Amino acid sequence: MLSVLLITFPFFALVACGFVATWRGVLPQAAIPGLNAFVLYFSLPCMLYRFGAQTPIAQLLDANVILIYLLCAAVMVGVTVALTRRRVGWNDAAFGALVAAFPNTGFMGVPMLVALLGAQSAGPVILSMAIDMIITTSVCIALSRLDLAGGQGVWPAVRNSLKGMLSNPMPWSIALGGLASAMGWVLPGPVDKTVAMLAGAASPVALFTIGAVLARSQMNSSERISAADYVPIALAKLTIHPLLVWGVGLAAIALGMPLQRETLVVLVLLAALPSASNVSLLTERYGAHSGRIARIILVSTALAFLTFSWVVALLT
């Protein structure tokens, strides 16, 4: 366990640094959008491209990974919506479900799992992130529109979500990396070094930005929210989600699915990650309870230092 904590500590420490820097005013809140833009449009796409280009195309198109991960995401979304609809409307229930099923793969999962398990883990990680960005997010946005009269606005919301995906450089960088892997393309030396430099900045800046975004959400929220509205979902993200993936994966292997145990371990560790921080941006765009979602992300991120490290120690 200690050896695992020595690896995971720097990742969570960088999140804490971003949180403290923003909370203490060292990092102005006005600077956070700039950090986000650098990560989303420059460093993270370069990192995803490099991992995609260096990963065999068969791993990037693994139907077994797609089936297991998508099934578990659907269960998490369905169960979370069913349980929370008793307390909140469709809009808040849908985004609560999204934050319960969408791990922080891009900002935290890619660099941390590669550091823990090696470059061979990049394929399932990248594939799962594409599923969450395109399918899980679109479904939850569609569900969030069911509060509108007569169900109007569902399909426009899905179309807008897909348009947003098209303007997001991360899916494109994954696709280009996969194409480079399939075709055996290699970037020219100077271009490759530039991409490598930007990719190297992705992990520290992304983790620092997570902390800054979490601090900003807490500083700007003045409403009182019951712990019952966010703690159970945060705990479900860190416990139920990985247990579900582990159980479904073992059942699939028992039924004869050609899934490697190492790949299943990667999927379980992905599910054990805290909630994706970018969901808070979507809640603001679609008018959901952003304070509640921000607290789910904050609690899951804080607790994940221990829970995620424990899962890593248990499976590796």
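Shown above is the structure to which this text applies.
Just so you know, these numbers come straight off a predicted model, no measurement behind them.

Trainee: Explain the environment of Ala97 to me, please; I cannot follow it from the model alone.
Mentor: Within the secondary structure, Ala97 sits in helix 5 (residues 90-101). On the basis of relative accessible area, Ala97 is assigned to the buried category, the value being 0%. C-alpha separation for the pair Ala97 and Val77, spaced 20 residues apart in sequence, amounts to 4.7 Å. Look past the residues within four positions of Ala97 in its chain and what remains in contact with it is Val77, Thr80, Val81 and Cys140.

Trainee: Can you walk me through the layout of surface pockets in this structure?
Mentor: One water molecule sets the probe size; rolling that probe over the atoms shows where empty space is left. Roughly 590 Å³ of internal volume is contained in the largest pocket. Lining the largest pocket are 30 residues; nearest its centre among them are Leu40, Asn168, Met170, Asn278 and Leu281. Counting only elements with at least two residues in the lining of the largest pocket, the list comes to helix 2 (32-53), helix 6 (105-117), helix 7 (122-144), helix 8 (154-166), helix 9 (169-183), helix 10 (189-219) and helix 14 (279-285). Class assignment of the residues belonging to the lining of the largest pocket gives a composition of 16 nonpolar, 12 polar and two charged.

Trainee: Just to check I follow, could you spell out helix 4 (residues 63-84) for this structure?
Mentor: Since the α-helix turns once every 3.6 residues, residues separated by three or four places project in the same direction. In a regular helix each residue adds 1.5 Å, so 22 residues correspond to 32 Å; helix 4 covers 31 Å between its end C-alpha atoms and thus fits that length. Those residues of helix 4 that fall on the buried side of the exposure criterion are Asn64, Val65, Ile68, Tyr69, Cys72, Ala73, Met76, Val77, Thr80, Val81 and Thr84. Residues of helix 4 that are buried sit in contact with helix 5, helix 7, helix 11 (231-238), helix 12 (240-254), helix 13 (261-271) and helix 15 (290-315). A side-chain oxygen of the first residue of helix 4 lies 2.9 Å from the backbone nitrogen of Asn64; this N-cap is Asp62.

Trainee: I tried to follow the pattern of salt bridges on my own but got confused; where do I start?
Mentor: Pairing between side chains of opposite charge can happen when their charged atoms approach one another. Going through the model one piece at a time under the given rule, you end up with two salt bridges. With its nearest N and O atoms 3.3 Å apart, the salt bridge here joins Asp192 to Arg50. Within this pair, whereas Asp192 is found in helix 10, its partner Arg50 is found in helix 2, the two being separated by 142 residues in sequence. Arg50 gets classed as partly exposed once you look at its relative accessible area, which sits at 23%. Between Arg87 and Asp229 there is a salt bridge, and its shortest N-O distance comes to 2.6 Å. With Arg87 in the loop between helix 4 and helix 5 and Asp229 in the loop between helix 10 and helix 11, this pair connects stretches of sequence that are 142 residues apart. According to the relative accessible area criterion, Arg87 is exposed, its value standing at 55%.

Definitions and cut-offs
- Residues numbered from 1 in each chain as written.
- Predicted model: local features only at pLDDT ≥ 70, side-chain atom pairs only at ≥ 80, totals over all residues.
- Heavy atoms only, no water.
- Helix = DSSP H or I, 4+ residues; strand = E, 2+ residues; numbered from the N terminus.
- Buried < 20%, exposed > 50% of the residue type's maximum accessible area, 1.4 Å probe, protein only.
- Contact = heavy atoms within 4.5 Å.
- 1 Å grid on protein atoms, 1.4 Å probe; cavity = no way out; pocket = protein on both sides within 12 Å on 5 of 7 lines; lining within 4 Å.
- Points joined across faces, edges and corners; volume = space filled by probe spheres on them.
- Nonpolar A, V, L, I, M, F, W, Y, C, P; charged D, E, K, R; others polar.
- Expected span 1.5 Å × (residues − 1).
- Polar contact = N/O pair within 3.5 Å; in protein donor to acceptor, adjacent residues only side chain to side chain.
- Salt bridge = Lys/Arg side-chain N within 4 Å of Asp/Glu carboxyl O.

The values reported here are purely geometric and, on their own, carry no functional implication.
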